Amino acid sequence: MLYGTPVVPGLGYGEVVWLDDASVPEADAGARVDPDQIPDEIQRFEEAAKAVAERLRAKSVAIVGYASDILFATAALAEDPALRDDIIGRIQEGRPAAAATLKSGEFFASQLAARGGKVADRAAEIRDLTTQIAAELRGNRTPGLPDLSETTEVVLCGRDLSPALAVGLDPQHVSALLLTDGGPTSHTSIIIRQLGIPSIVGIRDLHEIHTGDTVFVDALQGCVDTEPDPEVSRERVADYLHSEVRATANGSGQLADGVPVRLLANIQGPIGARRASERGAEGIGLLRTELTFIGSVTGPDWDIQVRNYTEVARLFPDSPVQIRTLDLGSDKQVPWLRLSAEANPALGVRGLRVSGPRPDLFQQQLDAVAAAAEQLGRELAVMAPMVTTFAEADWFVAEAHSRGLHAGVMIETPAAAIRAHAILPLLDFASIGTNDLTQYVMAADRTNPALATYTDPWNLPVLDLIQSVAAAAEHFEVPVSVCGEAAADPRLACVFVGIGIRALSMASVSLAPVHAKLAQYTLAECEAGAAAVLATNTPQQARWVAAQHFGLH
């Protein structure tokens, strides 16, 4: 068995195919060009970079949602002044354009990887981009995914996968994805989650399996069986997929004894809202508003904001729509924001803290949500990310209420979780963000694959804090949901219900398996299973105990 961090729940079985690293041209350190050829090499590089950027932009227009935003941002990297100047500088030193491009790409990628945090996610994007430019310069085919059109049971393996390649995966042909690098909240993981391909990252010993091997992937447990029984494996996958189909048609989320558990969706905009509606979401637990503006060069556009909020809310006229205010800063830097560089951005000016240097941005967004609510003739809800203190929560609630909006906050810092008994009475609702809460509780960068054991949401200190928040919410009768990626784990969803959570928000592709799992157990069974899990001491023990109470998948 091999182990890693599951990022997209599900089961998969098939023949291993490794991403073809041989298609990536390598820089020849000894190659040189004559001085009189340097201007031509520079021109060739600029033409190749432009061609790749245009190709990426065309691809971004052809798709929708978060993947489109990421491709657009990657296209912008091809015209980044720092990258361009570094490549041209290497050409002027006498390197061929392709070699200079690859050397520069590896230099910037290693710099980003060393910085850690979500900034490190861009290392794969830089490598992919410069590889594409080098291939363009050399007249090679653009490096990409192997041809899988003739296969239906493939388990794709690799070191990492750039978002530009991730959007090209076809769930009809790729049964599962296994990576040695990457993190559960990386750009690639988010795209794969939208595609619904069972995936595990951070598998340190993945090199032990080879192209042609057959494996069974349990992306619920985070393990890979390298010697599976073919018949049993296919039967387990078929049963799991059948449970998803059943769940999609079963209506509102509830336990076996009829106790309701509201299943909400995490989305990025109107397109995601439509998909969530089609998959049976009972509302929107998290509308990530910042993604609309990451590609902007001047800042948020008022009309776009109002239109997006209105379109999403119209799809859920009688259901909650919780709009998170801009969570910029940290890894989500945009040119027009002009925040100062920080040595540790994950602990710096991000989320609600951006309202300090840019109060106009925060006020404009609340006004836009209020304008959308007025157009619709209904109340909308806003919630603030990265709330740490009572004073921040009090101030945010006053601002939201002054505009007739429901007010909530993200409980995603240990400070907010510990003082939930003081903060919750101020609120109309709250949402627990397990991604950042786990990162901060465990003092571990959530995107660093070497720390996957620490950033596992099954860590007991994290579950203890969530239980305490749920208890405080019940005492003060404040609705609280879990909206981090942990909510997408069907068995962990049962644990959350067992400790008092009655609303879960997740990527819409995860709604069906969570729905099916909850429908199998009563509240008493969920409470008993949760108590047993909380009595363990390690994530591995917690998962094993949960499997005994809530099934293997």
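Attention in this report is confined to the structure presented alongside it. (Residues numbered from 1 in each chain as written. Predicted model: local features only at pLDDT ≥ 70, side-chain atom pairs only at ≥ 80, totals over all residues. Heavy atoms only, no water.)

Quick word on the packing of helix α17 (residues 490–498) against helix α19 (residues 523–534)
Keep this limit in mind: Each axis is a line fitted through C-alpha atoms, and for a helix only the stretch in contact is used; angles between axes span 0 to 180 degrees, taken between their N-to-C directions. Under the DSSP-based scheme used, a helix requires at least four consecutive residues in state H or I and a strand at least two consecutive residues in state E, with every element numbered from the N terminus. Oblique is the label for every angle not falling under 35 degrees (roughly parallel), over 145 degrees (roughly antiparallel), or within 65 to 115 degrees (roughly perpendicular). It only takes one pair of heavy atoms within 4.5 Å for two residues to be counted as in contact. All residues other than Ala, Val, Leu, Ile, Met, Phe, Trp, Tyr, Cys, Pro, Asp, Glu, Lys and Arg, Gly among them, are scored as polar; the first ten of these are nonpolar and the last four charged.
For the pair α17 and α19, interaxial distance at closest approach is 7 Å and the crossing angle is 100 degrees. As summarised for this structure, α17 and α19 are arranged roughly perpendicular, according to the angle between their axes. For the pair α17 and α19, contact is made by Cys-494, Val-495, Val-497 and Gly-498 and by Leu-523, Cys-526, Glu-527, Ala-530 and Val-533, respectively. In the contact of α17 with α19, the residues fall into 7 nonpolar, 1 polar and 1 charged.

Details of the pairing of strand β4 (residues 154–158)
Spelled out, the test is: Throughout this description, buried means an accessible area under 20% of the type-specific maximum (1.4 Å probe, protein chains only), exposed means over 50%, and partly exposed covers the range between. Any two strands are treated as partners once DSSP identifies two or more bridges connecting them.
Across the 5 residues of β4, 5 count as buried, placing the element largely inside the fold. Alternating residues of β4 divide into Val-154, Leu-156 and Gly-158 and Val-155 and Cys-157, and every residue in both groups is buried. Both strand β3 (residues 11–18) and β4 contribute to a ladder of 4 bridges, which runs parallel. Paired with Trp-18 across the two strands is Cys-157, which belongs to β4.

Side note on the packing of aromatic side chains
Filter applied, for reference: Centres within 6.5 Å are what make two rings of Phe, Tyr or Trp a pair, Trp counting through its six-membered ring; a difference in plane orientation under 30 degrees is then read as stacked, over 60 as edge-to-face, and the rest as tilted.
Applying the stated criterion across every chain yields a total of 4 aromatic pairs. Ring pairing ties together the aromatic residues Phe-362, Trp-395 and Phe-396, which thus form one cluster.

What about the nonpolar core?
What counts, and what does not: We call a set of buried Ala, Val, Leu, Ile, Met, Phe, Trp, Tyr and Cys residues a nonpolar core when their side-chain atoms join them within 4.5 Å.
Counting 87 residues, the largest nonpolar core has Phe-496, Leu-504 and Leu-518 as its most contacted members. The leading source of residues in this core is helix α16 (residues 460–476), at 9 residues. Counting 49 residues, the second largest nonpolar core, distinct from the first, contains Ile-38, Ile-91, Leu-102 and Leu-156.

Quick word on the sheet that holds β4
Strand order in the open sheet formed by 8 strands is β1-β8-β7-β3-β4-β5-β6-β2, and the pairing between neighbours is mixed. Edge positions in the sheet fall to β1 (2–3) and β2 (5–8), since each of these pairs with one other strand and no more.

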